[in-house]
Amino acid sequence: MKLKFKNQDFQTEAVNSVVDLFAGQEKLQSTFEIVQEAQLSLYQNDLGIGNGVNISDEQLSANMHEVQRKHNLPTSDIKEGMRSFCIEMETGTGKTYVYTKTIFELHKRYGFTKFIIVVPSVAIREGVYKSFEITNEHFMNQYDNVPCRYFIYNSSKLSDVKQFATSSNIEIMIINIDAFKKS
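Bear in mind that the values here come from a model prediction, so they are computed numbers and not experimental data.

S.K.: How should helix α1 (residues 9-19) be read in this particular structure?
M.R.: For an α-helix, 3.6 residues make a turn, and residues three or four places apart therefore share a direction. Turning to α1, its buried residues number three or more, namely Gln11, Ala14, Val15, Ser17, Val18 and Val19. Looking at the buried side of α1, the elements it contacts are α3 (57-70) and α4 (95-110).

Structure representation (structure tokens):
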């Protein structure tokens, strides 16, 4: 049996709300063929390649206010240097699907490649991993088979972490909070 997924407007709206926070961000290229200066904008060094957010706190705040106004939410401010956002959805709305699609949209629009999903328990971590397995073909079809790897963090498999850090493809690390605290 094969599951079919359909795009639901409320989920697409949720994805766009997150992605629109970064409006004005240039699309970063993550291939090794580009010139060294462009690679540096991705925060590449000997340790790996990271997402480079090259818009100001003021622009992020303005983008956030626009999203909040669009959804009739009270506006809030970003504290200087605190680029942390709370995205809330009710139970049963497809949160895992939404943040998975958000990952692909952030990559498509801005070139972001590194994502860490931190969950509260081993059971939820396993469920998230299973969700990635189930939706993999669906997202590969929607996003032109863009290279993507997802894995569960395991402190005894540091090669996974090294690949996460050095790969220029979409890398998704799934970790439960206890493993994050220990390591």
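On we go from here.
S.K.: Looking at this model, I keep getting lost on the side chain of Gln68. Mind explaining?
M.R.: Locating Gln68 in the fold gives a position in helix α3. By relative accessible area, Gln68 is classed as buried at 10%. At a separation of 2.9 Å, a polar atom in the side chain of Gln68 contacts the side chain of Ser76. The contacts of Gln68, once residues within four sequence positions are left out, are Leu73, Pro74, Thr75 and Ser76.

S.K.: Sorry if this is basic, but what is going on with the pattern of salt bridges here?
M.R.: One side chain can pair with another of opposite charge once the charged atoms of both are near each other. Summed over the entire model, instances satisfying the criterion amount to seven salt bridges. Among the ionic pairs, Arg125 bridges to Glu126, the shortest N-O distance being 2.6 Å. Take Arg125: its relative accessible area is 14%, and that puts it in the buried class. Of the charged contacts, one joins Asp160 and Arg149 as a salt bridge, the two residues approaching to 3.3 Å between their closest N and O atoms. A residue pair is termed long-range when its members are at least 10 positions apart, and Asp160 in helix α6 (residues 158-166) and Arg149 in strand β2 (residues 148-152) qualify at 11 residues. For Asp160, a relative accessible area of 15% corresponds to the buried category.

Definitions and cut-offs
Residues numbered from 1 in each chain as written. Predicted model: local features only at pLDDT ≥ 70, side-chain atom pairs only at ≥ 80, totals over all residues. Heavy atoms only, no water. Buried < 20%, exposed > 50% of the residue type's maximum accessible area, 1.4 Å probe, protein only. Helix = DSSP H or I, 4+ residues; strand = E, 2+ residues; numbered from the N terminus. Contact = heavy atoms within 4.5 Å. Polar contact = N/O pair within 3.5 Å; in protein donor to acceptor, adjacent residues only side chain to side chain. Salt bridge = Lys/Arg side-chain N within 4 Å of Asp/Glu carboxyl O.

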